[in-house]
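# Geometric and topological summary
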Amino acid sequence: MLDFNYMVSTKVLFGKNKIERLGEELKQYGKNILFVYGRGSIKKNGLYDSVTNIFSRNSIVYHELPGVQPNPRITSVRQGIKLCREQNIECIVAVGGGSVIDCAKTIAAGFYHEGDPWDLFLLGDSTIKKALPIGTILTFAGTGSEMNGNAVISNEETEQKLAIHNDVLRPRFSILDPTYTFTVPRNQTAAGTVDIFSHILEQYFSPTKDAFVQNRVAESLLKTCIYYGPIALTEPTNYEARAQLMWTSSLALNGLLSYGRITDWATHGIEHAVSAAYDVTHGAGLAILTPYWMQYVLSEETTEKFVEYAQNVWQVKGKNDLAVARKGIEKTREFFTDLGMPKTLRDVGVQENKLEDMAEKTVLYGDVGKFKKLGKNDVLTILKNAF
Ligand code: NZQ
Ligand code: ZN
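Predicted model, so just to flag it, every value in this text is computed and none were measured.

## Topic: the overall build of the chain
The number of helices and strands found in the chain is 15 helices and eight strands. Over its C-alpha atoms the chain spans a radius of gyration of 20 Å, differing by no more than 12% from the 21 Å that the globule rule assigns to 387 residues. Over its C-alpha atoms, taken along the principal directions, the chain stretches across nearly 65 × 45 × 45 Å. For the chain, the proportion of its 387 residues judged to be buried stands at 58%. The contacts of the chain with a sequence gap of at least 6 include a subset with a gap of at least 24, amounting to 79%. When the accessible surface of the chain is split by element, carbon and sulfur atoms take 48% of a total near 16200 Å². For the chain, the centre of its 42 positive side-chain charges and the centre of its 43 negative side-chain charges are spaced 3 Å apart.

## Quick look at the domain arrangement of the chain
Under the domain assignment used here, the chain contains domain 1 (11-180) and domain 2 (186-386). Each of domain 1 and domain 2 was reduced to a C-alpha centroid, and the two centroids are 26 Å apart. On the side of domain 2, 29 residues touch domain 1, which itself brings 29 residues to the contact. Roughly 2300 Å² is buried in total at the junction of domain 1 and domain 2, and carbon and sulfur atoms are behind 57% of that figure. Where domain 1 touches domain 2, the interface holds two salt bridges. With its nearest N and O atoms 3.2 Å apart, the salt bridge here joins Asp279 to Arg73.

## Regarding the environment of Met246
With respect to the element layout, Met246 can be found in helix α9 (residues 239-252). What makes Met246 buried here is its relative accessible area of 0%. Put simply, Met246 and Ala266 are 20 residues apart on the chain and 24 Å apart in space, counted from C-alpha to C-alpha. Setting aside its immediate chain neighbours within four residues, Met246 contacts Phe14, Leu138, Ala141, Glu146, Leu176, Asp177, Pro178 and Thr181.

## Some points on helix α11 (residues 282-297)
Across its 16 residues, α11 extends 21 Å between first and last C-alpha, which sits within 8% of the 22 Å expected from 1.5 Å per residue. Where α11 bends most, the angle comes to about 30°, and this point is Leu289, followed within four residues by the proline Pro291. When you tally the buried positions in α11, you get 14 out of 16 residues, the bulk of the element.

## Some details on the packing of helix α7 (residues 186-204) against helix α12 (residues 303-314)
It is at 12 Å that the axes of α7 and α12 come closest, and there the two elements cross at 140°. Taken together, the axes of α7 and α12 are oblique relative to one another. Every pair of crossing elements has a handedness; the one defined by α7 and α12 is right-handed. Within the contact between the two elements, α7 uses Phe197, Leu201 and Tyr204 and α12 uses Lys305, Glu308, Tyr309 and Trp314.

## Considerations on the layout of surface pockets
One water molecule sets the probe size; rolling that probe over the atoms shows where empty space is left. One number sums up the size of the second largest pocket: a volume of about 300 Å³. In terms of lining residues, the second largest pocket is bounded by 16 residues, among which Ser206, Thr208, Lys209, Lys305 and Glu308 are the most central. Mapped by element, the contributors of at least two residues to the lining of the second largest pocket are α8 (212-234) and α12. Among the elements that take part in the lining of the second largest pocket, α12 stands out by supplying four residues, more than any other. Taken together, the residues that form the lining of the second largest pocket break down as four nonpolar, five polar and seven charged.

## Observations concerning the coordination of the zinc ion (ligand 2)
Around the zinc ion (ligand 2), the protein supplies Asp195 (OD), His199 (NE2), His268 (NE2) and His282 (NE2) as donor atoms, at distances of 2.0 to 2.1 Å. Positions of the donor residues of the zinc ion (ligand 2) along the chain correspond to the pattern D-x3-H-x68-H-x13-H. Of this pair, His199 sits in helix α7 while His268 sits in helix α10 (residues 266-278), placing them 69 residues apart in sequence. Classification of His199 by relative accessible area gives buried; the value is 3%. The class of His268 is buried, set by a relative accessible area of 6%.

## Observations regarding the site of ligand 1
Taken together, the neighbourhood of ligand 1 is formed by 31 residues, with Ser41, Gly98, Ser99, Lys161 and His199 sitting nearest. One of the backbone nitrogen or oxygen atoms of Arg39 is found 2.8 Å away from an oxygen atom of ligand 1. Here an oxygen atom of ligand 1 and a backbone polar atom of Gly98 are 2.7 Å apart. A total of 960 Å² of accessible area belongs to ligand 1 in isolation, and the protein chains cover 91% of it. Partitioning the shell around ligand 1 into residue classes produces eight nonpolar, 19 polar and four charged. Taken together, domain 1 (11-180) and domain 2 (186-386) each give at least three residues to the shell around ligand 1, which thus spans both.

## Overview of the sheet that holds strand β3 (residues 61-65)
Strand order in this open sheet of six strands is β1-β8-β5-β4-β2-β3, and the pairing throughout is parallel. Each edge of the open sheet is held by one strand with a lone partner, namely β1 (11-14) and β3. Adjacent strand axes in the sheet meet at a mean angle of 20°, parallel and antiparallel pairs treated alike. Seen against the sheet, helix α3 (residues 47-57) touches β2 (32-37), β3, β4 (91-96) and β5 (134-138) and runs at an angle of roughly 180° to β2.

Scoring rules and cut-offs
- Residues numbered from 1 in each chain as written.
- Chains lettered and ligands numbered in written order.
- Predicted model: local features only at pLDDT ≥ 70, side-chain atom pairs only at ≥ 80, totals over all residues.
- Heavy atoms only, no water.
- Helix = DSSP H or I, 4+ residues; strand = E, 2+ residues; numbered from the N terminus.
- Rg over C-alpha atoms; globule rule 2.2 N^0.38 Å.
- Buried < 20%, exposed > 50% of the residue type's maximum accessible area, 1.4 Å probe, protein only.
- Contact = heavy atoms within 4.5 Å.
- Areas by Shrake-Rupley, 256 points an atom, 1.4 Å probe, with all protein chains shown as cover.
- Lys, Arg positive; Asp, Glu negative; His and termini not counted.
- Charge placed at Lys NZ, Arg CZ, Asp CG, Glu CD.
- Domains from an automatic or database assignment.
- Buried area = accessible area lost by both parts, 1.4 Å probe.
- Salt bridge = Lys/Arg side-chain N within 4 Å of Asp/Glu carboxyl O.
- Expected span 1.5 Å × (residues − 1).
- Bend = angle between axes of the 7 residues up to and from the residue.
- Axes fitted to C-alpha atoms, helices over the stretch in contact; angles between N-to-C directions.
- Parallel < 35°, antiparallel > 145°, perpendicular 65-115°, else oblique.
- Left-handed = near helix turned anticlockwise from the far one by under 90°.
- 1 Å grid on protein atoms, 1.4 Å probe; cavity = no way out; pocket = protein on both sides within 12 Å on 5 of 7 lines; lining within 4 Å.
- Points joined across faces, edges and corners; volume = space filled by probe spheres on them.
- Nonpolar A, V, L, I, M, F, W, Y, C, P; charged D, E, K, R; others polar.
- Donors = N, O, S within 2.8 Å, 3.2 Å for Na, K, Ca; no water.
- Near = heavy atom within 4 Å.
- Polar contact = N/O pair within 3.5 Å; in protein donor to acceptor, adjacent residues only side chain to side chain.
- Pairing = 2+ DSSP bridges.

Okay, here's the thing in structure tokens:
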């Protein structure tokens, strides 16, 4: 196990009606807030009214930034920073999924940055020293943004989708009420489940050999997705299924699985290049790419790890290691297909003549992947195989 410092500073308020604590939590951070949300789901399911009623009851003044899109744009971030400066905002409340939360985090950091917020994505994470406090009300299980210091933003002009990571971006509190995810449509529920699954794999497939506890925790979280993902699809209001997925999403990407070992993240790097160019749903992109990444990196050197995965997660048995490893990959593909996810890049509208450009963008700042290092040609082969 490698050395690490562990700090997960987000207060999690998990369960039904935890929103009642919102006013109390906000009092610590200020009375003048920016309220960030997406394109309407919270108005349809009544959450908008609940939140604004709580603001009014607690004499909280709020300014709205609505309309944050999936694969959130730097233009929304710029708009949010402007509002924060004009209105002397003290705290940001993000109500939505990963896109809304990531937009809020970038506004929080950009508020203290003198230049354009896109600089933060180019200059490196150490540029970020300070951020406005953020509270979140999660409506979608997937990214883990509710409990981590990451934000991913797209720049349409440069066709890039880049991430920042910094502990100052971790939400101060997150309200996780699984009932808010009852209205997430079937395809989005599936995409969220794949995203959680992929976060776990990106850390599980690690070059660090001694990570026994991290591996066993990861396998339990993977099995939770395998068990509860399909239930949430067929029974959208099944509280236990929604609750299990919600908590798994937070645990999958809050450091629990990554601290003490090196992690991979190549599949996410490639997917971000795809969704930057085609605005593909993040989880759908991952469902397509993950089995192809697995097939590409499976070699004599990596077979042992794939066998561990196939045996412990999918209960594959057999004497031939390579066959067992391959069966684990097949099971992964089947799981994503059964969730209704697309199988090829062609299925989501990607054009073949864009693959080269996406491969180039993936490795623009260096090779990707730590379990298996991938250069431009490797990425291009994976993209072509997945096409
Ligand atoms: O815009 P609204 O109307 O809210 O609709 C959203 C959106 O269309 C809808 N939705 C959310 N909650 C709902 C709901 N619809 C009905 N009922 C509800 N309760 O779902 C759609 C997708 O929402 P979005 O926030 O985009 O999904 P997700 O949470 O998957 O976020 C995806 C973004 O996060 C990034 C992805 O790349 C992508 O940009 N990621 C962020 C990470 C992080 N911060 O740690 C890590 C991830 O790997 C990922 O890269
Ligand atoms: Zn992801």
